[in-house]
Amino acid sequence: MSHTNRPPRLAPGPDEPFDVNVDDASFEKLAQWRELYGDIVNVTPRVRKSQALVLNNPEHVKHVLIGNHRNYAKGVGFERVKMLLGNGIIVSDGDFWRSQRRMIQPVFHRKIIASQAAMMQACNEVKLHDWQAKAASGTVIDITTEMSSLALEVILRSLFSDDLDELIEREGANPFSMLVEDVTRDLKMAMRFRALTRHVADVMARRRAEKRIEHDFLSLLMETRDKDTLQPMSDKALIDEVMTIIVAGHETTAGTLNWAWYLLSQDERVEQLVHAEVDSLGRSSQFDDLGALSYTRQVIDETLRLYPPVWLFSRKAIAEDELPHESGAIRVPAGADIFLCPYLLHRDARYWQDPEAFLPERFDEQNSKQRNRHAYYPFSLGSRRCIGEFFSMVDMQLHLGLLAQHIRLKHVPGEPVMIEPHINLRSRHSIMMLPVAR
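Because the structure is predicted, anything quoted here is derived from the model rather than measured.

Peer 1: How should the nonpolar core be read in this particular structure?
Peer 2: Soluble, globular proteins show a tendency: their nonpolar side chains are buried together. Of all hydrophobic cores here, the largest spans 130 residues; its most connected members are Phe160, Phe176, Phe193, Ile246 and Trp261. Among the elements that make up this core, the one with the highest residue count is helix α12 (residues 235-265) (14 residues). The contacts of Phe160, once residues within four sequence positions are left out, are Phe176, Val200, Val203, Arg207, Asp216, Leu218, Val242 and Ile246.

If you want it as C-alpha cells, here you go:
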C-alpha cells in the first residue's frame, strides 16, 4: 500500500449506526461490511460515544498491534471479561500490565512447560483408557464437553499440583468444573466464578503456613518479584492472574481440540497423515517428540486459522493516527474504537489459497515463509501476544500425539455443526463422536 501527500480522510462505512460486540449480529455484519467497504470500515456508534474502525488488512493489524502499539490501549468489550477475570493481564493496561507481564513471563518459560509435560501425558493416558472402553462398548462421546473437561484438568493441575486433589476431596467435587457445565459467560456466571477465588487464596495460605513450594505455576507466581521494586504481586493481583490463566488456558485449548477432532473426522487424507506421523513414534508422545510431530502441529495451526478462539480483538486509539491505504491515508480519530477480526483475515482469499479448505500443509516450513506473517494471529501479535501460547500448543500436540495413535473419532450426525461467535469462538452445539479403536 502506498502513502500519498493528500490529507488523511475518513474511511467508508455503513449509514446505519451499530455497536460492534462479540455476538451473532456483529459476526454477520463484519463479513458483510468487508465485502461492501473493503479493508477499513468506519462505523458510527449507536450507543457508544466513539467512532469505530474495523480493520481487515495484515498491514493495519501490524500497525495497531506492533508498529504503533503504544497508541492503542485495551478496547471496548473488556468490561464483561473484567467481571470474570478481575484485573489480570488480559484486561489490565499501562504500567501495571507491564509489571505483571514481566513477572509472569518466566512462569511460561520453555523449561517450565517441559516440566509440565509428564502431567499432561498422565491426563491424556486417563482419557485414552476411557475412550478405549467406550470404543469397545460403542458408546458415543460429546467431544466438546470431553475436551473442555480435559483442558480444565490440565490447566488446574499446572497451577495447583496435588492441592487440586485435596480441594476436590474437601469440596466433594471440583468447584472449577462449573466452567465446563455452564458455557454462558454472563454476569451471574461471572459472579459464581469470582466466588472461587477463595479456593485459590486458601491454597496460597496453606502453602505459606507450611512453607511449601511446589513445582507448579502457583508457586512460581507466589515467588516471582518485580525486577525494579523487588516486591511480589499483591494477593489480589496474583489471584486475578490465576483466574485469568484458568479461563484463558482452558478455553483456548478446549475449543481448538474440539474443532481439530471434528476437522480430522471430515478429512480422511489428513487423518491418515496424522496417523502415519504419530505411529512412527512407536510409543506415547513426550515433550522431546514435539519436533517429530510437525504435521500434527500443522493440523493445530490450520484449526486455529479456521476457528481462532478469540475471533475479535478490540483496541482504543489514544491519539489521532493514520493508516496507509492505496487511495490515500485513512484518519484514525483519537478515542476511536478499533476492531480486528482474525476470523475474517484468516479466510481472506487474498492471503490464503482456497481459504475455506482444511489444508494443514499451509503451515509447513516452505509455505510459512511465503505467507504474510501478519495475516495469521490467533494468539494476537506484538507485546500483548498470548503469554500461554506455547503451553497450549504443547498441550494440544501431546494430546493428539497420544490419542490419535490408538483412537479414531467418527462424527455422529445430529445437531448442525455451527459457530457460536461470542467471547470465544465455540461450536453452537456439542459435537458428538464415536470412538473407534485403531
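Peer 1: Would you mind going over the sheet that holds strand β8 (residues 337-340) with me for this structure?
Peer 2: Backbone hydrogen bonds are what pair the strands of a sheet, in a parallel or an antiparallel way. Across the sheet, five strands lie side by side as β1-β2-β8-β5-β3; this open sheet has mixed pairing. With one partner strand each, in any of the chains shown, β1 (40-43) and β3 (72-74) form the two edges of the open sheet. The average undirected angle you get between the axes of adjacent strands in this sheet is 30°. The pairing of β1 with strand β2 (residues 52-55) spans four bridges and is classified as antiparallel. Within β2, the position partnered with Asn42 by the bridge is Leu53. Sheet contacts for helix α1 (residues 24-37): β1 and β2; angle to β1, the most-contacted strand, approximately 115°.

Peer 1: Please clarify how a nonpolar patch on the surface should be interpreted in this entry.
Peer 2: There is a patch of nonpolar side chains on the surface, built from Met83, Leu187 and Met191 and spanning about 300 Å² of accessible area. Relative to the helices and strands, Met83 resides in helix α3 (residues 78-85).

Peer 1: Would you take a moment to explain the side chain of Asn57 for this structure?
Peer 2: Here Asn57 shows up in the loop between β2 and α2 (58-67). According to the relative accessible area criterion, Asn57 is buried, its value standing at 5%. A distance of 2.8 Å separates the side chain of Asn57 from the side chain of Asp39, its partner in a polar contact. A polar contact of 3.5 Å, which involves the side chain of Asn57, links it to the side chain of Tyr351.

Peer 1: Would you take a moment to explain the pattern of salt bridges for this structure?
Peer 2: Between side chains of opposite charge, a pair can form as their charged atoms come close. Overall, the coordinates contain 43 salt bridges when judged by the stated rule. With its nearest N and O atoms 3.2 Å apart, the salt bridge here joins Arg384 to Asp93. Note that Arg384 is positioned in the loop between α16 (365-370) and α17 (389-406) and Asp93 in the loop between α3 and α4 (94-104), a separation of 291 residues in sequence. Classification of Asp93 by relative accessible area gives partly exposed; the value is 33%. Asp240 is paired through a salt bridge with Lys236; the nearest N and O atoms lie 2.8 Å apart. Of this pair, Asp240 and Lys236 both sit in helix α12, separated by four residues, roughly a single helical turn.

Peer 1: Just to check I follow, could you spell out α1 for this structure?
Peer 2: Each full turn of the α-helix corresponds to 3.6 residues, which orients residues three or four apart in the same direction. In this model α1 runs 20 Å from its N-terminal to its C-terminal C-alpha over 14 residues, within 8% of the 20 Å that 1.5 Å per residue would give. Listing the buried residues of α1 in full gives Ser26, Leu30, Trp33 and Arg34. Down the axis of α1, the buried set is contained in an arc of 105°. They therefore lie on one face. In this structure, α1 carries Glu28, Glu35 and Leu36 as exposed residues pointing more than 90 degrees from its buried face. Against the buried residues of α1 lie β1, β2 and α15 (342-345). Of the residues trailing α1, Gly38 is marked for its positive phi of about 95°.

Peer 1: It is not clear to me how the layout of surface pockets should be interpreted in this structure. Could you clarify?
Peer 2: In this approach the atoms are scanned with a rolling probe the size of a water molecule, which exposes any empty space left behind. Considering only enclosed or pocket space, the largest pocket measures out at about 1000 Å³ in volume. Considering the residues around the largest pocket, the lining is formed by 49 residues, among which Phe78, Val81, Ile90, Val310 and Phe313 are closest to the centre. Among the secondary structure elements, those contributing two or more residues to the lining of the largest pocket are α3, α4, α12, β5 (313-317) and α17. No other element matches α12, which puts eight residues into the lining of the largest pocket. Tallied by class, residues from the lining of the largest pocket come to 27 nonpolar, 10 polar and 12 charged. By volume, the second largest pocket amounts to about 420 Å³. Looking at the second largest pocket, it is lined by 23 residues, and the ones nearest its centre are Arg297, Arg371, Arg373, Tyr376 and Arg385.

Thresholds applied
Residues numbered from 1 in each chain as written. Predicted model: local features only at pLDDT ≥ 70, side-chain atom pairs only at ≥ 80, totals over all residues. Heavy atoms only, no water. Core = buried A, V, L, I, M, F, W, Y, C linked by side-chain atoms within 4.5 Å. Buried < 20%, exposed > 50% of the residue type's maximum accessible area, 1.4 Å probe, protein only. Helix = DSSP H or I, 4+ residues; strand = E, 2+ residues; numbered from the N terminus. Contact = heavy atoms within 4.5 Å. Pairing = 2+ DSSP bridges. Axes fitted to C-alpha atoms, helices over the stretch in contact; angles between N-to-C directions. Patch = residues over 30% accessible without salt bridge, like charges linked within 9 Å, V, L, I, M, F, W, Y side chains within 5 Å. Areas by Shrake-Rupley, 256 points an atom, 1.4 Å probe, with all protein chains shown as cover. Salt bridge = Lys/Arg side-chain N within 4 Å of Asp/Glu carboxyl O. Polar contact = N/O pair within 3.5 Å; in protein donor to acceptor, adjacent residues only side chain to side chain. Expected span 1.5 Å × (residues − 1). Arc of directions from axis to C-beta. 1 Å grid on protein atoms, 1.4 Å probe; cavity = no way out; pocket = protein on both sides within 12 Å on 5 of 7 lines; lining within 4 Å. Points joined across faces, edges and corners; volume = space filled by probe spheres on them. Nonpolar A, V, L, I, M, F, W, Y, C, P; charged D, E, K, R; others polar.

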